[in-house]
Amino acid sequence: MNIYELINQVKLNTGNLRYWPIVNLKDVELENIGEKKALKILQKICGLLIIEENKKRKLNIFLDESLVRVNNCFLVKSELECLEKLNFDNFLPYFSAYIWECIWLDQRDYKAADKALDYYLIHLEREINFDESVLEVSTYAIALAKEINNRKKLNTIFKILHNIIFHNENNTSIYI
């Protein structure tokens, strides 16, 4: 099994966008050493929570049953280099977006923020019903687009949401 199959399988089995069960995986057999190292880094990132505090979004982690803010540069250069070797197109778009958004919040790297927005857009473009998933993903995407002042992608998010809500005749959402 490779890292992409493993993470997508775990994510599909839970169906919960807010919970990343890969943090609990132990003794996993992966095909190569680079993927094993990458899995440990992804597990580290998936243990983080994005929390809004004083109109700023920050990374937090649970330590000893309490929520603790993560200082910038939680990830070191070698970990970032390891992640850059992965093909994030092979993961579910929301997972990739979350990883890149955490990297943005940790490193303040605009390329990471842009990648996160791209993956949020891919996720939203695949949706046909306005449901909790769309609401959650669009909330993160809108906050990120506003934070980095990317009006073009913000407008794209609104257009996608408009199409999901008003132009899909198969929409059976209870939110409309």
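Heads up: the structure comes first, above all this text.
Let me begin by describing the structure that accompanies this report.

Thresholds, definitions, all that
Residues numbered from 1 in each chain as written. Predicted model: local features only at pLDDT ≥ 70, side-chain atom pairs only at ≥ 80, totals over all residues. Heavy atoms only, no water. Helix = DSSP H or I, 4+ residues; strand = E, 2+ residues; numbered from the N terminus. Buried < 20%, exposed > 50% of the residue type's maximum accessible area, 1.4 Å probe, protein only. Arc of directions from axis to C-beta. Salt bridge = Lys/Arg side-chain N within 4 Å of Asp/Glu carboxyl O.

### What about unusual backbone geometry?
Residue N54 is not a glycine yet carries a positive backbone phi of 55 degrees. By the secondary structure assignment, N54 is in the loop between β1 (48–53) and β2 (56–63). Judged by its relative accessible area of 73%, N54 is exposed. A positive phi angle is found at K55, which is not glycine, with a value near 65 degrees.

### Overview of helix α3 (residues 77–84)
Along an α-helix, residues three or four apart share an orientation, since each turn contains 3.6 residues. All of the buried residues along α3 are E79, L80, C82 and L83. Within α3, the buried residues cover an arc of 160 degrees as seen down the axis, which keeps them to one side. Opposite its buried face, α3 presents the exposed residues K77 and E84, each directed more than 90 degrees away.

### Examining the pattern of salt bridges
All told, the structure shown has 6 salt bridges when counted by the stated rule. Between K153 and D118 there is a salt bridge whose closest N-O contact spans 2.5 Å. Here D118 lies in helix α5 (residues 110–125) and K153 lies in helix α7 (residues 151–166), a separation of 35 residues in the sequence. Look at the salt bridges and you will find they share partners, linking R57, E101, R108 and E147 into a network.

Function cannot be read off these values alone, since they describe shape.
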